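Breakdown of the fold
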Amino acid sequence: QGGGALMVRIATGSGLSRWPADPRDPFPVLEVKQSARLLMGWRFSGSWGVATLFGGLAAERRVLPQGFPDPQTGLRLGPAVVFDAWLKPMERVAVQVYAEIATPYSAASLRIAPGYEVAERIFVGPEASVGLHHGTLRSRAGLHVTGLRIGDVGLRLSGGYAQDRGGRGGAYGTLSLWRSY
């Protein structure tokens, strides 16, 4: 039992970060990031779960305070490749594996999030991710609740601790929303 299907994914995201550019400076830098993806791919499914391989266009925009000396700002476009899988190794357990490479800012990420089904299609568990974005290696470790629903919209809440290669770290929180058509 299994099969495949053509899939289209349109994704948007936005993020706000505050981080100290200099430990002696009491005012953190405020960074705004926006992204969009237009992807087409093929979904494979079976008793083991589902996996989709996408390719398409990525757009990313990064804004820093005026005059901040960082050349990686503005709007950039480029190709992207995404692998998104929900594996079912055993009853009531699912593992999401999400990997992405997007060229606008030479970004790459990997997220692994196992979860235990606490209610119908609602999973709770740990998550870990590592990513390279804007020349900075970042890692996260936390917890997620995935599969909550508000009408036709699904959502994931996650939070934990994030740190980058420069030693900057702190709490993070994420809200992800999706809708299938």
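Let me begin by describing the structure that accompanies this report. (Residues numbered from 1 in each chain as written. Predicted model: local features only at pLDDT ≥ 70, side-chain atom pairs only at ≥ 80, totals over all residues. Heavy atoms only, no water.)

Side chains of Leu6, Val8, Ile10, Leu38, Met40, Trp42, Phe44, Trp48, Leu57, Leu75, Leu77 and Leu87 sit close together on the surface and give an oily, nonpolar patch of about 1,300 Å² of accessible area. Mapped by element, the contributors of at least two residues to the nonpolar patch are β1 (2-19), β2 (29-46) and β4 (74-90). For the nonpolar patch, the leading source of residues is β2, giving four residues. Tracing the backbone through its elements, the reader meets phenylalanine 44 in strand β2. Given a relative accessible area of 44%, phenylalanine 44 falls into the partly exposed group. (Patch = residues over 30% accessible without salt bridge, like charges linked within 9 Å, V, L, I, M, F, W, Y side chains within 5 Å. Areas by Shrake-Rupley, 256 points an atom, 1.4 Å probe, with all protein chains shown as cover. Salt bridge = Lys/Arg side-chain N within 4 Å of Asp/Glu carboxyl O. Helix = DSSP H or I, 4+ residues; strand = E, 2+ residues; numbered from the N terminus. Buried < 20%, exposed > 50% of the residue type's maximum accessible area, 1.4 Å probe, protein only.)

Moving on to the packing of aromatic side chains. If you walk through the whole model with that rule in mind, you get one aromatic pair. Aromatic pair tryptophan 86 and phenylalanine 123: ring centres 6.3 Å apart, planes at 40°, arrangement tilted. Residue tryptophan 86 is located in strand β4, and its partner phenylalanine 123 is located in strand β7 (residues 122-133); the two are separated by 37 residues in the primary sequence. For phenylalanine 123, a relative accessible area of 11% translates into the label buried. The ring of tyrosine 172 has arginine 140 lying over it, and the distance from NZ or CZ to the ring centre is 4.4 Å. (Phe/Tyr/Trp six-rings, centres within 6.5 Å; stacked < 30°, edge-to-face > 60°. Lys NZ or Arg CZ within 6 Å of the ring centre and 35° of its normal.)

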